[in-house]
Amino acid sequence: MPKEQKIEYSQLEAGYEFPPSSYKLDNSIVATYLKAVEDTSSLYQDAGLVPPMAIAAYAMAALSEGICLPPGAIHVSQEFEFINTANINDTFVSCARVSRKQRRGKFHLLVIDLNVSNQKQKAVLAGKTSFILPEYGEDN
Amino acid sequence: MEMSVGQLPGLSEGMNLPDIKRVITQENINLYAEASRDFNPIHIDEDFAKKTPLGGTIAHGMLILAYVSQMMSAAFGQSWLAGGKLSVRFKTPARPGDTITVSGRISRVEKSDGQTSIRCDVLCQNQNGESVITGETNLRVEK
C-alpha cells in the first residue's frame, strides 16, 4: 500500500476499522515461510495445511501496510486464537480494528483486534496486537 | 491427572514440552522478512538499525513466536492448529547470533464433557537466560 494510503497514528481512534486486506497463501509462499521459520514438520506439507502463524504473519503485514507508526513504536504483546485449519491456496480476508488507544504517562498504548476468514467466510484466526508508542508520535 | 495426546504420552500437570532451539542469523531474519512481507528496516537494514537505540538489527517478534507455535504443534498436532490460543509478551529483542530456547510447561489439565483443556506456560530465552517472550497457551483435545 502506498504511504499516502496509510493512516497516520495520530488519526487513529478506538473503533477505527482498517480497510480489509485479501491474500492467498499458495504452496510457494507456505514453503518459503516454513523454510524461514525452520519448520520441517510433515504436518503442513503432507496435509496441505497452512501454518497458522503464516496466516497471522500476513495479517500483521497487511496491518503494517495500512498504518504509519512513529519511530520507536514497540510491539509489546500478542494474542492469537487459531479457530479453524486452513488449506494451501486458500484466500484470506483480514480485518483489523482499533480497540484501544490510551495515553500512559509518556507513552501511548495502541491495541488492534484482528480477524481473518477464508474464502468461504469461515473464521480462521482472531488476534489482538498491542503497541507502545512514544508520546511524540502524536506530533509526527 | 495423566493422559496421552499427540506425541506426548503421559500428559500431566507439571510436564515439560520438548524444547526447541534456534540460532538466529541475519539470513534467517531476511528470509522471514521475505516470507512475511515485513521489511521494517530495524530487522533487515544493519546501517539503519545501528543508528537506533537498539544498536543493531533485531529478529521479528513474530519469527520467535512462530517457534512457540512449532513447539505446540509438535506436541499437540492438529489440536493446536484448530483451537489453539496463545497470549504472549515480547520482553527483549532477539538479535543475530542469539540462541533461542523455546520451552513450555503444562500448568493445568482439566477434563470436561469429553474434552480436555490444557494450559501451558511458554518461555523463549536467549543464551544469557534473558526472557525474549513469556506467556501462555491454551488448547482443547478430544479425550
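Refer to the structure presented above.
Residues numbered from 1 in each chain as written. Chains lettered and ligands numbered in written order. Predicted model: local features only at pLDDT ≥ 70, side-chain atom pairs only at ≥ 80, totals over all residues.

1. Structural notes on the overall build of chain B
Secondary structure summary: chain B contains five helices and seven strands in total. Helices and strands appear in chain B in the N-to-C order β-β-β-α-α-α-α-α-β-β-β-β. Dimensions of chain B, computed from C-alpha atoms along their principal axes, come out at roughly 55 × 30 × 20 Å. Scored against the burial criterion, the 143 residues of chain B give a buried share of 40%. (Helix = DSSP H or I, 4+ residues; strand = E, 2+ residues; numbered from the N terminus. Buried ≥ 20, exposed ≤ 12 C-beta atoms within 10 Å, placed from the backbone.)

2. Regarding the nonpolar core
Generally speaking, a soluble globular protein has its nonpolar side chains buried in company with each other. Judged by nonpolar contacts, the single largest core of 71 residues is most densely connected at Ile55(A), Ile64(B) and Val68(B). Top contributing element to this core by residue count: helix α4 (residues 61–76) of chain B, with 11 residues. Apart from the residues lying within four places of it in its own chain, the contact partners of Ile64(B) are Ala59(B), Ala94(B), Ile100(B), Cys124(B), Val132(B) and Ile133(B). (Core = buried A, V, L, I, M, F, W, Y, C linked by C-beta atoms within 7 Å. Contact = placed C-beta atoms within 7 Å.)

3. So, the sheet that holds strand β4 (residues 85–90) of chain B
With respect to topology, 10 strands assemble into an open sheet ordered β2(A)-β5(A)-β6(A)-β7(A)-β4(A)-β4(B)-β7(B)-β6(B)-β5(B)-β3(B), the strand pairing being antiparallel. Each edge of the open sheet carries a strand with a single partner, namely β2 (21–24) of chain A together with β3 (16–23) of chain B. For this sheet, the mean inter-axis angle between neighbouring strands, taken without regard to orientation, is 20°. Direction of pairing for strand β6 (residues 115–125) of chain B relative to strand β7 (residues 131–142) of chain B: antiparallel, over a ladder of 11 bridges. Bridged to Thr116(B) within β7(B) is Val141(B). Set on the sheet, helix α3 (residues 52–65) of chain A makes contact with β2, β4 (74–82), β5 (91–104), β6 (107–117) and β7 (123–134) of chain A; between it and β7(A) the angle comes to about 50°. Taken strand by strand, α4(B) contacts β4 of chain A together with β3, β4, β5 (99–112), β6 and β7 of chain B, and its axis lies near 145° from that of β3(B). (Pairing = 2+ DSSP bridges. Axes fitted to C-alpha atoms, helices over the stretch in contact; angles between N-to-C directions.)

4. Let's talk about the environment of Cys95(A)
All names here are of chain A. Note that Cys95 resides in strand β5. With 17 C-beta atoms counted inside 10 Å, the residue Cys95 sits in the partly exposed group. Spatially, the C-alpha atoms of Cys95 and Pro20 are 4.8 Å apart, while their sequence positions differ by 75 residues. Dropping the residues within four chain positions of it, Cys95 is found in contact with Pro20 and Asn115.

5. Notes on the interface of chain A and chain B
Each partner contributes residues to the interface: chain A has 29 residues there, and chain B has 31 residues. Every element with two or more residues in the side of chain A that touches chain B is listed here: α1 (27–36), α3 and β4 of chain A. Split by residue class, the side of chain A that touches chain B holds 16 nonpolar, eight polar and five charged. Note that β4(A) and β4(B) share five bridges and pair antiparallel. Bridging from a neighbouring strand, Glu81(A) pairs with Lys85(B) of β4(B). (Nonpolar A, V, L, I, M, F, W, Y, C, P; charged D, E, K, R; others polar.)

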